[in-house]
Amino acid sequence: MDFTFSEEQQAAAEAARGVLADVAPDAVPSPALTTGAVADEFDRALWARLADADLLSLLVAEDHGGAGLDAIALCLVLRESAKVLARVPLLENSAAMATVQAYGEPELRAELLERAGRGELVLTVAASGRTGHDPAELAVTARQNEEAGGEWTLDGVQTAVPWAYDADYVVVPAHTAAGRTVLALVPRVHDGVALGEQFSTSGERLGELRLESVRIAARDVIDVEGAWEWLRNLLTTGTCALALGLGERVLRMSSEYTSKREQFGFPVATFQAVAVQAADRYIDLRAMEVTLWQAAWRIASGARGALPVTGDVAVAKIWASEGVRRVVQTAQHLHGGFGADVDYPLHRYHAWAKHLELSLGPAAAHEEALGDLLAAHPLG
């Protein structure tokens, strides 16, 4: 088997490294020193550079001005973005665009994809449910009025919506009386839509999205079986890619620090206790990597497996959640007081890691989901 990335995938990662080369992870105030958000909006200048490099439309077909690549290419780019804590909605925007392309009506695709690919529109996704622990699709109800041209009415609340105050549209999963899940593209500024401020551990502003009798045209609602599951799997896998990139940068920071820090006349990196801890975290990162690419490959190829693709995504998220937590905790330990110093960037990575660990469900939630899949699909 050939496990190397294609030339196109490698080119996307290389382009991302070029665009992100001068991004500073401490370009905004420390979350430890702010009572609210670290900034009023995301990094618009970086967003424009990503658009110019065609990195906002990786998953969009060439017919709509995109690169026509796959989930693996997106994860490669997300991995690079996390190394510098890039403050942009790249994952949410890309996943929403890919879902509109795969399941949306032609009119909706024509209106959104090219503009979003150029950075003119920003899309995000409400995927945390009412409390962050319940299924997101159950937090909002959707009723269709056939007499009003198929218009839909939405009611409910979604918590912790990333980049909600910066997005033009929020993709909202909702359930119908018949038990189906639909995806509604809800404009941020719209009758019946309200936002409440929330804040991530990383210091970024989230939004509690409140919907009260919000009317959405039929063409802006995706009513196709499997669309929400596909979108959630892509979001979760992308979150794993972010965790991997962050963990890799943190391990490198630990290596550089312990190679310079001396005790008893020797670099602490030469001490067995330090080397063993670093080696354990390296193993965590390699496990995070292999499970990530397995999940991304299943999404990109549509290949069948012993379990549905959700199983591979669950395994990747379990390793990402557990692994990134262990990596940053070990880094804090090896750095000593420097790890908590607000003038040193490690504490920012720790804050972002905690956010990624819990995003779209912690390890325990995915272990439970994996158990349910194994019960429903006995192996062998």
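Above this text is the structure in question.
Below or above, wherever it landed, is the structure these notes cover. On a predicted model such as this, the values are computed, not experimentally measured, just so you know.

**Concerning the packing of aromatic side chains**
Link 1 in the chain: The tally for this structure, following the rule as stated, stands at 6 aromatic pairs.
Link 2 in the chain: Considering the side-chain rings of Phe-5 and Trp-293, the 5.0 Å spacing of their centres and the 70° angle between planes classify their relative orientation as edge-to-face. Here Phe-5, found in the segment before helix H1 (7–20), pairs with Trp-293, found in helix H7 (residues 272–301); they are 288 residues apart in sequence, far enough to count as distant.
Link 3 in the chain: For Phe-5, a relative accessible area of 28% translates into the label partly exposed.
Link 4 in the chain: For Trp-293, a relative accessible area of 14% puts it in the buried group.
Link 5 in the chain: Ring geometry for Tyr-103 versus Trp-230: centroids 6.0 Å apart, planes at 65°, classification edge-to-face. Of this pair, Tyr-103 sits in helix H4 (residues 90–103) while Trp-230 sits in helix H6 (residues 227–260), and the two are 127 residues apart along the sequence.
Link 6 in the chain: Taking relative accessible area as the criterion, Trp-230 reaches 25% and is therefore assigned partly exposed.
Link 7 in the chain: Three or more aromatic residues link up through ring pairs in this structure, and these residues are Phe-42, Trp-47 and Trp-163.
Link 8 in the chain: The ring of Tyr-165 carries Arg-205 above its face, with NZ or CZ at 4.0 Å from the centroid.

**A look at the side chain of Glu-208**
Link 1 in the chain: Residue placement: Glu-208 occurs in strand E7 (residues 205–216).
Link 2 in the chain: Look at Glu-208 and you get buried, because its relative accessible area is 15%.
Link 3 in the chain: Side chain to side chain, Glu-208 and Arg-210 meet in a polar contact 2.8 Å long.
Link 4 in the chain: Ignoring any residue separated from it by four or fewer positions in sequence, one finds Glu-208 in contact with Arg-130, Val-157, Gln-158, Thr-159, Ala-194, Leu-195, Gly-196 and Gln-198.

**What to know about the pattern of salt bridges**
Link 1 in the chain: Enumeration over the complete set of coordinates arrives at 29 salt bridges.
Link 2 in the chain: Its salt-bridge partner being Arg-219, residue Glu-111 comes within 2.6 Å of it at the nearest N-O pair. On the criterion of sequence distance, the pair formed by Glu-111 in helix H5 (residues 106–117) and Arg-219 in the loop between E7 and strand E8 (221–222) is long-range, its members being 108 residues apart.
Link 3 in the chain: With relative accessibility at 27%, the residue Arg-219 sits in the partly exposed group.
Link 4 in the chain: Measuring nitrogen to oxygen at the nearest pair gives 2.3 Å for the salt bridge that ties Glu-322 to Arg-325. Taken as a pair, Glu-322 and Arg-325 lie in helix H8 (residues 309–335) at a separation of 3 residues, close to a single helical turn.
Link 5 in the chain: With relative accessibility at 23%, the residue Arg-325 sits in the partly exposed group.
Link 6 in the chain: Salt bridges sharing common partners tie together Glu-14, Arg-17, Arg-79, Glu-80, Lys-83, Glu-248, Arg-286 and Glu-289.

About the criteria used
- Residues numbered from 1 in each chain as written.
- Predicted model: local features only at pLDDT ≥ 70, side-chain atom pairs only at ≥ 80, totals over all residues.
- Heavy atoms only, no water.
- Phe/Tyr/Trp six-rings, centres within 6.5 Å; stacked < 30°, edge-to-face > 60°.
- Helix = DSSP H or I, 4+ residues; strand = E, 2+ residues; numbered from the N terminus.
- Buried < 20%, exposed > 50% of the residue type's maximum accessible area, 1.4 Å probe, protein only.
- Lys NZ or Arg CZ within 6 Å of the ring centre and 35° of its normal.
- Polar contact = N/O pair within 3.5 Å; in protein donor to acceptor, adjacent residues only side chain to side chain.
- Contact = heavy atoms within 4.5 Å.
- Salt bridge = Lys/Arg side-chain N within 4 Å of Asp/Glu carboxyl O.

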